[in-house]
Amino acid sequence: MRLLITFLYVFMVVKLSLATDTLDSDIKNVDIDVFVDLTSHLAQITSTIKLTNEGIHSPQAFHFALDPYISSKLSFIGAKEVEDDTDIAVLNVEGTTIDNEHKDAKFYRINFSKPLKPRATITIVVETVYSDSMSPLPKQVQQDDNQLVKYTANLYHYTPYHTTSAVVTIKVASKNVESYSQIRPVNVNEDTITYGPFNDLSPYKKQKFSLHFENNSPFLTTWRLDRWIEVSHWGNIAVEEKLHIQHTGAILKGSFSRYEYQKNPYGGSPSAIRSFRTVLPASATDVYYRDEIGNISTSHLQELQESVEVEIRPRFPLFGGWQTRYTIGYNLPSYEYLYQLGSQYALKMRFMDHVYDNQFVDEIVLSIVLPEGSQDIKFDPPYPVDSESTSLHYTYLDTIGRPLLTITKRNLVENHIEDFTISYSFNSIMLLQEPLLLFTAFFLVFVVVIISVRLDFSIVEDQDALAKMQLKAVREDYCYLFEKKLSLSKKIITNIDKFRANKDRQAFKSVKNQLETDRKHINNKIAVIEKENKFPPDIASKMAELSQKDNLLKQNLEQTVSLFDRPAKISNIQSQEDKLTREREELTNQMRMLLSVL
């Protein structure tokens, strides 16, 4: 038997207290109508209590006692005041003890919205949910058998006050009722059993009763739910849930027959769980559903106006004792859940999602990851939690770590689907941290690459590579000198053109002598290169051919100069000039081709 922690909440925060009270004997139960819903694996009890104050004082609260047979299995309790089937106010519920009253009983003080005046009456509706209150009987069933369960509790409403009249109505999951306690008056109408009315009941009236009936509803228990929420100020909230779910009904007796199951997949195996429905927020996107093997493609997603429904279909049907583990995740737009006022932020989200109908979660671990640099963090839960801790979570591009809040709570049902609020302060300049880190990282990579390609990190000097580099440098110098010689050739032709224009023979000869001197200096440098270096045969042959062409070009230039230095007939000069020009252009092109391959 699991020891469960009592949680108090209905539509508002319910406070847990260890106060000690004194019972007000002037309060009487005029009428009690108890409705017990056993159509699922949870016992959901709604007690409508009409109270009256027969004293002269105005009490501010009354006391509610739990059923002594199932009190340890309470998962939820809440109360509200009603009038003519209309909710008037949600009432505060606090755990307490009563002096000199049944030390083994569990009491709760329910505070009125306003003091109950003398002779006044009030109607209070108390809702309680009990988990693990129905046990399979028999404990093992065949694959095609129906599941039978037994429910045992106190027949009368357990109360510290005198009760004038009480009626108990029990709705079961099927009209197939094997047995029930024969306590008169009792009326059975298909799937509904009514006990009472009972009149003039004394305080703490006890009468054990039991029901044995067919209940093929999903007996699903979520042993652990790890809910991970990661907040980003770039516009997204990532949610991921890891669940460990087990069928806690009657255990499958014998081996599983896939053949028998496939013969009648819908009508056979009535206690097997084939699928269940998970409800996500309407703005959920990028929904995924997978397990340890990988993605589960048998699921079905339906987008509705107010929610997103996911049909969770495990890889195999769940029989009694069988279990499954899976992961479901999705993204949410942050503008719907994250509120900002200056540097102050508040995140308001569900403490847990609707996993399946009539859900029971034995333990939930809620982890909330806030942006790096968040400070002054305050967590406001919708109800008391078991533990709360703060640590750091590191992910991509983090430096000091992101604040991680871990909250643990046990024993939750569907009534606990409420919003929590977490507030914190955040400097918006921190949003630039990750882009700057990326920019700096890429910049440093480029700098390292630039430096590394320009440095020689070899330990032993490579003589062959060094010789090739030196030879390449010499060839570049050699080609550069020949380019200068070709440039001098153009200057000689330019000097001739100037002489033809101005007939200044002295200036012509001065420039001519200077150009010849420059050519000799270049020839001397070329001769030194050819003498001091040994070139490969293919390079040497091209250099020899280049020198030959250079000598022919020199002769061409000398003939052109002499043509104007000792002028002959005009017609003869023009024809010779044209011939020399063609030869000179052809030699120049050939030399440039040779230089391009050196």
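Residues numbered from 1 in each chain as written. Predicted model: local features only at pLDDT ≥ 70, side-chain atom pairs only at ≥ 80, totals over all residues. Heavy atoms only, no water.

The next point concerns the packing of aromatic side chains. Enumeration according to the criterion identifies 20 aromatic pairs in this entry. Summarising the aromatic geometry, the rings of Phe-256 and Trp-322 are spaced 5.5 Å apart at their centres and angled 80° between planes, so their arrangement reads as edge-to-face. Here Trp-322 lies in the loop between β24 (307-312) and β25 (323-333) and Phe-256 lies in the loop between β20 (251-252) and α1 (258-263), a separation of 66 residues in the sequence. Residue classification places Phe-256 among the partly exposed residues on the basis of a relative accessible area of 24%. Measuring from ring centre to ring centre gives 5.7 Å for Tyr-345 and Tyr-424, while their planes differ by 10°; the resulting arrangement is stacked. Residue Tyr-345 is found in strand β27 (residues 344-350), and its partner Tyr-424 is found in strand β32 (residues 419-425); the two are separated by 79 residues along the sequence. (Phe/Tyr/Trp six-rings, centres within 6.5 Å; stacked < 30°, edge-to-face > 60°. Helix = DSSP H or I, 4+ residues; strand = E, 2+ residues; numbered from the N terminus. Buried < 20%, exposed > 50% of the residue type's maximum accessible area, 1.4 Å probe, protein only.)

Backbone torsion omega between Leu-137 and Pro-138 reads 10°, so that peptide bond is classified as cis. Within the fold, Pro-138 resides in the loop between β10 (134-136) and β11 (140-141). Residue Asp-286 is not a glycine yet carries a positive backbone phi of 55°.

Let us look at the sheet that holds strand β3 (residues 43-53). Hydrogen bonds between backbone groups are what pair the strands of a sheet, and the pairing can be parallel or antiparallel. The strand order across the open sheet formed by eight strands is β6-β5-β9-β3-β2-β13-β16-β15, and the pairing between neighbours is mixed. Here the strands that pair on one side only, and so sit at the sheet edges, are β6 (86-91) and β15 (186-189). Sheet twist, expressed as the mean angle between neighbouring strand axes with direction ignored, is 20°. Alignment of strand β5 (residues 74-83) against β6, held across five bridges, turns out to be antiparallel. Within β6, the position partnered with Val-82 by the bridge is Asp-87. (Pairing = 2+ DSSP bridges. Axes fitted to C-alpha atoms, helices over the stretch in contact; angles between N-to-C directions.)

Attention shifts here to the pairing of β5. Consecutive residues of a regular strand have side chains that alternate between opposite faces of the sheet. The buried fraction of β5 is high, at nine of 10 residues. Pairing geometry for β5 and strand β9 (residues 121-130), over eight bridges, is antiparallel. By the bridge assignment, Glu-81 is partnered in β9 with Ile-124. In this structure, the hairpin formed by β5 and β6 is closed by a connection of two residues, where Asp-84 is found at a positive phi of approximately 55°.

The next point concerns the pattern of salt bridges. As enumerated under the stated definition, the model contains 22 salt bridges in all. For the salt bridge of Arg-277 with Glu-309, the shortest nitrogen-to-oxygen distance reads 3.1 Å. In this pair, Arg-277 sits in strand β21 (residues 276-281) while Glu-309 sits in strand β24, placing the two residues 32 residues apart along the sequence. Salt-bridge contacts for Glu-483 lead to Arg-592; the nearest nitrogen and oxygen are separated by 3.0 Å. Remark: Arg-592 occurs in helix α6 (residues 570-597) and Glu-483 occurs in helix α3 (residues 463-502); sequence separation between them is 109 residues. Overall, Glu-483 belongs to the partly exposed group, its relative accessible area being 33%. A relative accessible area of 33% means that Arg-592 is categorised as partly exposed. Salt bridges here are not isolated pairs; linked through shared partners, they connect Arg-224, Asp-226, Asp-362, Glu-363 and Arg-410. (Salt bridge = Lys/Arg side-chain N within 4 Å of Asp/Glu carboxyl O.)

Here the focus is the packing of α3 against helix α4 (residues 505-532). The geometry of α3 relative to α4 is characterised by a closest axis approach of 10 Å and an angle of 170° between their N-to-C directions. In terms of axis orientation, α3 runs roughly antiparallel to α4. The two elements α3 and α4 meet at a crossing, and its hand is left-handed. (Parallel < 35°, antiparallel > 145°, perpendicular 65-115°, else oblique. Left-handed = near helix turned anticlockwise from the far one by under 90°.)

On the surface, a nonpolar cluster with roughly 940 Å² of combined accessible area is contributed by Tyr-396, Leu-397, Leu-438, Phe-442, Val-445, Phe-446, Val-449, Ile-450 and Val-453. Assignment of secondary structure puts Leu-438 in helix α2 (residues 433-452). With relative accessibility at 40%, the residue Leu-438 sits in the partly exposed group. (Patch = residues over 30% accessible without salt bridge, like charges linked within 9 Å, V, L, I, M, F, W, Y side chains within 5 Å. Areas by Shrake-Rupley, 256 points an atom, 1.4 Å probe, with all protein chains shown as cover.)

Next up on the list: the confidence of the model for the protein. Here the protein averages 87 in pLDDT, and 93% of its residues register 70 or above. The low-confidence segment residues 1-18 (pLDDT under 50) makes 67 contacts with residues lying over four places distant or belonging to another chain. (pLDDT = per-residue confidence, 0-100. Contact = heavy atoms within 4.5 Å.)

This brings us to α4. Compared with the 40 Å implied by 1.5 Å per residue over 28 residues, the 41 Å span of α4 between its first and last C-alpha is a close match. Buried within α4 are the following residues: Phe-508, Leu-515, Arg-519, Ile-522, Ile-526 and Ile-529. (Expected span 1.5 Å × (residues − 1).)

Let us look at the sheet that holds β24. If you walk across this open sheet you meet the three strands as β21-β24-β23, and the pairing is antiparallel. The open sheet is flanked by β21 and β23 (300-303), the only strands paired with a single partner. Each neighbouring strand pair of the sheet contributes to a mean axis angle of 20°, computed without reference to strand direction. Direction of pairing for β21 relative to β24: antiparallel, over a ladder of six bridges. Among the inter-strand pairings, Phe-276 is bridged to a residue of β24, identified as Ile-312.

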